[in-house]
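# Structural overview
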Amino acid sequence: MLSNLRQLFRCRGLIQILVARELKARYRGSVLGFFWSFVNPLLLLLVYSFVFTVIIQRGEIVDLEPYAVFLFCGLLPWTWFSASLSEGANALLVGGNLIKKVMFPAEILPVVAVVSNMIHFIFGLPILFGFLWFYAIPLRLTELVWFPVVMAVQFILTLGLVMVLAALTVHFRDIKDLLANLLTLWFFATPFIYPMSVVPPRGKAFMDLNPFSHLAISYQEILFYDGPFGHWKWLLVLAVAGAVLFLLGYWLFDRLRDSFADEV
Amino acid sequence: MPAIELDHVTKVYRRHGRRRQFATLKSALLTGSLVKHLRPDESFSALRDVSLTVPKGACYGVIGRNGSGKSTLLKLVAGITKPTSGVVGVTGRVSALIELGAGFHPEISGRENVFINGIMLGLSRREISDRFDEIVEFAELEDVIDAPVKTYSSGMYLRLGFAVAINVNPDILLVDEVLAVGDEGFSLKCLDKFAEFKRRGKTLLLVTHGLSLVERFCDEAVWLEAGQNRTSGDPTRVVQMYLADVEQAEDQHLAAEDAKAQRTPVTQAPPGPMSEPAAEGAASAEPEETADVSEPEAADDDEPPVDMFVAKEGRWGSGAVRIEQVTLEGSRGPAHVFHTGEAMTIRMRINAVHRVDDFAFGVSIFSSDGVCCYGTNTNIEEMESESLEGEGEVVFAIERLDLVEGTYKLDVAVHKRDGFSYDYHRLLYTFRVKSRIKDAGIYRPRHVWRFTDNVRFKKPDDRSDD
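Residues numbered from 1 in each chain as written. Chains lettered and ligands numbered in written order. Predicted model: local features only at pLDDT ≥ 70, side-chain atom pairs only at ≥ 80, totals over all residues.

## Some thoughts on the overall build of chain B
This is how the line gets drawn: Here a strand is any run of E in DSSP of at least two residues, a helix any run of H or I of at least four, and the numbering for each starts at the N terminus. Each residue is classed by its C-beta neighbour count within 10 Å, where at least 20 other C-beta atoms makes it buried, 12 or fewer makes it exposed, and intermediate counts make it partly exposed; the C-beta atoms are placed from backbone geometry. Our contact criterion uses C-beta atoms placed from the backbone: two residues qualify when those atoms are within 7 Å.
Along its length, chain B carries 10 helices and 19 strands. Going through the 466 residues of chain B one by one, you find that 36% of them count as buried. In chain B, the proportion of contacts linking residues at least 24 apart, taken out of those at least 6 apart, comes to 76%.

Structure below.
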């Protein structure tokens, strides 16, 4: 397993070129082309803020102005997370031709799914920081240094989950459909369209078990809320959990590796 | 040290097809078959205990029918799948031409795809840059290399895939039926490249249905049959054994067809629109099918020529005389596959319950596109019938069957001299003619070529004329 992990590192050139291919191919033939990477999150933000400010009145929740920025802090990473999961789960099936016909390290495919969605996330960041600037929300450098750390934790956590999902989806195609619904549930069970403060005490324990809650809260504390970053303990726990998950996921993937070419 | 070594390799695939065969979930639960069926109870051995050794620098051919495990063998050598048991040993860098352009993304340009494909096959970016021009030139795609791959024709796609794979500069090249899909020029180019490979002492593993290629090109060959190594060694010998087996299987297949034909029910009149009862003295309104065999001259009438696919096969007649069995025989007993120039005997067992004195026997041969190659009967050949009673045998012996390669069908009949059928077997018997020489037409006259001394050919082909 360790030698395989090392090989994965050696394949970074291949990962790089496949991610580039993915990004290039995605918008090929469209008028706006690469701009969609910026326009997409912007439109997404408009839709959600319209729904949650105009259609659904939020009542007496304080501390959430401007709501669009609060929402965006959680929504952008969520898009990275959920798209990685649904693409990554399918990655081996979609790339079946490569696994079946070419000698090809299969773990590259889920990695590419996570990385290319991370690039989209990064492309969305200027929009986010543009909003922060527009609403004159103060940013502190001492908090901002945590931002890449949160991203790294999200990356390893997502990758671990995707490894498990990708390997299992080859054998149980049901996961694909199950996952789509599970992600919808997950979306509403994570505090980024509403703040953690409105969650009733009974739900709080459940929220704490949701790993993405801590990511969302971390992003919010760093970017949206004023004051020092107080969620770092949870973040470190999550980092350890994410690393363990990744190793477990990779171990499972490695165990099932030989079956991929036969089952895809 | 051999380049490729397979030691008692077995590859078993599991099938999960059962899962969808539950009648209802309820019945599955009631009978308890749910759990049983969820287990992968069907397995299928693509390769069974195959051992072979490919020495370094050899060109090794793999032949066999569809589904015999050839591609599985390649995948094992390429490392794409792992053997269920046994050991696959490969020494050197492998490039597999299994699916050309497998990693191409249709939306991006040929240029970018070359890089991606090359890196996938194990080249570095720099190596690809160095070889890029060579690759594009080989693929003959200089003009369109910057267009998205989806705009390529399938031939262009293929050429580009081949060009990349061959330029990986492997020690071992695995080729799976690549030549079958390209055009003539491309195939020749591939062959040149393979020859160059051989010269440079690299190892080639070639899976193909092109048997002549194996004979010409390979140093050794293996014949896989149902996942097992039937025989291996000298390519010519392996190919000949394989061909003999294919012929035998064809023969059995045709024999089974004939057995079915022998059971064809007898009708009183020919089938189809011309089914008015062929009463005695109906010579003026002879059914079309009857006319063709008993009197080939009748084809001059305004009747359209018989098309084998229009003319229905079948059997009809009054039954006063019956053809009870028809056997085709070659030089070595009953056969359905013959070689051009071989002898063929058509043996008919007949039976007339009551004495008849007006009768004629006829035989005709049709090619698969419905052309009557030959038709005759005893009446045409001016044999006057006298009497026939009881069981007997009629033999139609052809000394040399000088037909070109193809599938042929046979009519046999016994009828009155005016055409009224006693027992008419229409296109019920099939035989195949094989020949190494792929000449055109229907009939191969016995012939020799003669030349003056200044007309020279390269070393005469030592293959015998069948």
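Further notes follow.
## Side note on the overall build of chain A
Along chain A, the regular secondary structure elements total 12 helices and zero strands. When the elements of chain A are put in sequence order from the N terminus, they spell out α-α-α-α-α-α-α-α-α-α-α-α. Residues classed as buried in chain A amount to 37% of the 264 residues present. Long-range contacts, defined as pairs at least 24 residues apart, comprise 80% of the intrachain contacts of chain A with a sequence gap of at least 6.

## Quick notes on the sheet that holds strand β7 (residues 203-207) of chain B
Strand pairing in a sheet relies on backbone hydrogen bonds, with the paired strands running either antiparallel or parallel. Residue and element names in this part refer to chain B. Let me state the cut-off plainly: Two strands pair under a simple rule: DSSP has to find at least two bridges between them. Axis definition: a line fitted to C-alpha atoms, over the contacting stretch in the case of helices. Angles run 0 to 180 degrees between N-to-C directions.
Read from one edge of the open sheet, six strands run β5-β6-β7-β3-β8-β9, paired in mixed fashion. Looking at which strands have only one partner, the edges of the open sheet turn out to be β5 (94-97) and β9 (228-233). Shown here is a sheet whose adjacent strand axes are inclined to one another by a mean of 15 degrees, direction ignored. Pairing geometry for strand β8 (residues 220-225) and β9, over five bridges, is antiparallel.

## Observations regarding the interface of chain B and chain A
The following threshold applies: For this classification, Asp, Glu, Lys and Arg are treated as charged, while Ala, Val, Leu, Ile, Met, Phe, Trp, Tyr, Cys and Pro are nonpolar and the rest, including Gly, are polar.
The partner chain A presents 19 residues to the 22 residues of chain B that form the contact. Secondary-structure elements contributing two or more residues to the side of chain B that touches chain A are β5 and α4 (110-120) of chain B. Tallying contributions element by element places α4(B) first for the side of chain B that touches chain A, with five residues. Residues belonging to the side of chain B that touches chain A are distributed by class as follows: 13 nonpolar, four polar and five charged.

## Considering the nonpolar core
Proteins that are soluble and globular tend to have nonpolar side chains buried together. Our working rule: For the purposes of this analysis, a nonpolar core is taken to be any set of buried Ala, Val, Leu, Ile, Met, Phe, Trp, Tyr and Cys residues that are connected through C-beta atoms within 7 Å.
Membership of the largest hydrophobic core comes to 132 residues, with the highest contact counts inside it found for Val162(A), Val77(B), Leu174(B) and Leu205(B). Setting aside residues up to four positions removed in sequence, Leu174(B) forms contacts with Leu74(B), Val77(B), Ala78(B), Val94(B), Ala96(B), Leu97(B), Ile98(B) and Leu205(B). Trp316(B), Phe359(B), Leu428(B) and Phe431(B) belong to the second largest nonpolar core, which has 33 residues in total.

## So, the sheet that holds strand β14 (residues 344-356) of chain B
Residues and elements named next belong to chain B. Taking strand neighbours across the sheet as the criterion, the four strands line up as β12-β11-β14-β17 in an open arrangement whose pairing is antiparallel. Every interior strand has two partners, whereas the edge strands, β12 (333-334) and β17 (388-398), have only one. In the sheet, strand β11 (residues 321-330) pairs with β14 via eight bridges, with the strands oriented antiparallel. Within the sheet, the bridge partner assigned to Leu 328 lies in β14 and is Ile 346.

## A short note on the environment of Leu205(B)
Residue and element names in this part refer to chain B. Tracing the backbone shows Leu 205 in strand β7. Along the sequence, Leu 205 and Leu 173 sit 32 residues apart, while their C-alpha atoms lie 6.2 Å from each other. For Leu 205, the residues in contact, after removing those within four places along its chain, are Ile 4, Val 54, Tyr 60, Val 62, Leu 74, Val 77, Ile 172, Leu 174 and Val 175.

## Here we look at the packing of helix α8 (residues 146-171) of chain A against helix α11 (residues 211-224) of chain A
Residues and elements named next belong to chain A. Our working rule: With respect to orientation, any angle under 35 degrees is reported as roughly parallel, any angle over 145 as roughly antiparallel, any angle of 65 to 115 as roughly perpendicular, and every other angle as oblique. Helix crossings fall into two classes, left-handed where the near helix is turned counterclockwise from the far one by less than a right angle and right-handed where it is turned clockwise.
The N-to-C vectors of α8 and α11 enclose an angle of 165 degrees; their axes lie 10 Å apart at closest approach. Between α8 and α11, the crossing angle belongs to the class labelled roughly antiparallel. Regarding α8 and α11, the two cross each other, and that crossing is left-handed. Contact residues: Trp 146, Phe 147, Val 150, Val 153, Gln 154 and Leu 157 in α8; Pro 211, Leu 215, Ser 218, Tyr 219 and Ile 222 in α11.

## Overview of helix α5 (residues 125-139) of chain B
All names here are of chain B. Filter applied, for reference: To get the bend at a residue, fit one axis to the 7 residues ending there and another to the 7 starting there, then take the angle between the axes.
At Arg 131, α5 shows its largest bend, some 55 degrees. Along α5, the positions that sit buried rather than exposed are Ile 128, Ile 135, Val 136 and Ala 139. Lining the buried residues of α5 we find α4 and α6 (154-166). Of the residues flanking the end of α5, it is Glu 140, one or two places downstream, whose phi is positive at about 55 degrees.

## Looking at the confidence of the model for chain A
Caution applies to low-pLDDT parts of the model: their predicted coordinates are not meant to be read in detail. The condition is simple: Scored from 0 to 100, pLDDT records how confident the predictor is in each individual residue.
Mean pLDDT over chain A works out to 85, with 98% of the residues at or above the 70 mark. When mean pLDDT is taken per element in chain A, α8(A) scores highest with 92 and helix α1 (residues 2-10) of chain A scores lowest with 76.

## As for the packing of helix α4 (residues 67-94) of chain A against α8(A)
Residue and element names in this part refer to chain A. Interaxial distance between α4 and α8 falls to 7 Å at its minimum, and their mutual angle equals 30 degrees. Classified by the angle between their axes, α4 and α8 sit roughly parallel to one another. Between α4 and α8 lies a crossing of right-handed hand. Touching Pro 77, Phe 81, Ser 84, Leu 85, Gly 88, Ala 89, Asn 90, Ala 91, Leu 92 and Leu 93 of α4 are Gln 154, Thr 158, Leu 161, Val 162, Leu 165, Ala 166, Thr 169 and Val 170, all from α8. Class assignment for the residues of the contact of α4 with α8 results in 12 nonpolar, six polar and no charged.

## Some thoughts on the environment of Trp80(A)
All names here are of chain A. When you line up the elements, Trp 80 lands in helix α4. Taking the C-alpha atoms as reference points, Trp 80 and Phe 155, separated by 75 residues in sequence, lie 9.4 Å from one another. Trp 80 has contacts with Asn 117, Met 118, His 120 and Phe 121, leaving out every residue within four places of it along the chain.

## Points about the pairing of β17(B)
Residues and elements named next belong to chain B. Burial of β17 is sparse: only one of the 11 residues sit out of reach of the surface. Inspection of the sheet shows β14 paired to β17 by 10 bridges, in the antiparallel sense. Of the residues in β17, the one forming a bridge with Met 348 is Val 394.

## Let's talk about the confidence of the model for chain B
Residue and element names in this part refer to chain B. Of the residues in chain B, 81% reach a pLDDT of 70 or more, and the chain-wide mean stands at 79. The low-confidence segment residues 272-310, where pLDDT is below 50, has 62 contacts with residues more than four positions distant or belonging to other chains. In the predicted structure, residues 462-466 sits below a pLDDT of 50 and forms seven contacts with residues beyond four places in sequence or in another chain. For this predicted complex, the interface confidence score (ipTM) comes to 0.74, while the overall pTM stands at 0.69.

## Regarding the environment of Leu401(B)
Residue and element names in this part refer to chain B. Relative to the helices and strands, Leu 401 is located in the loop between β17 and β18 (406-415). Judged by the 19 C-beta atoms lying within 10 Å of it, Leu 401 falls in the partly exposed class. Leu 401 has contacts with Phe 338, Thr 340, Gly 341, Glu 342, Ala 343, Met 344 and Val 433, leaving out every residue within four places of it along the chain.

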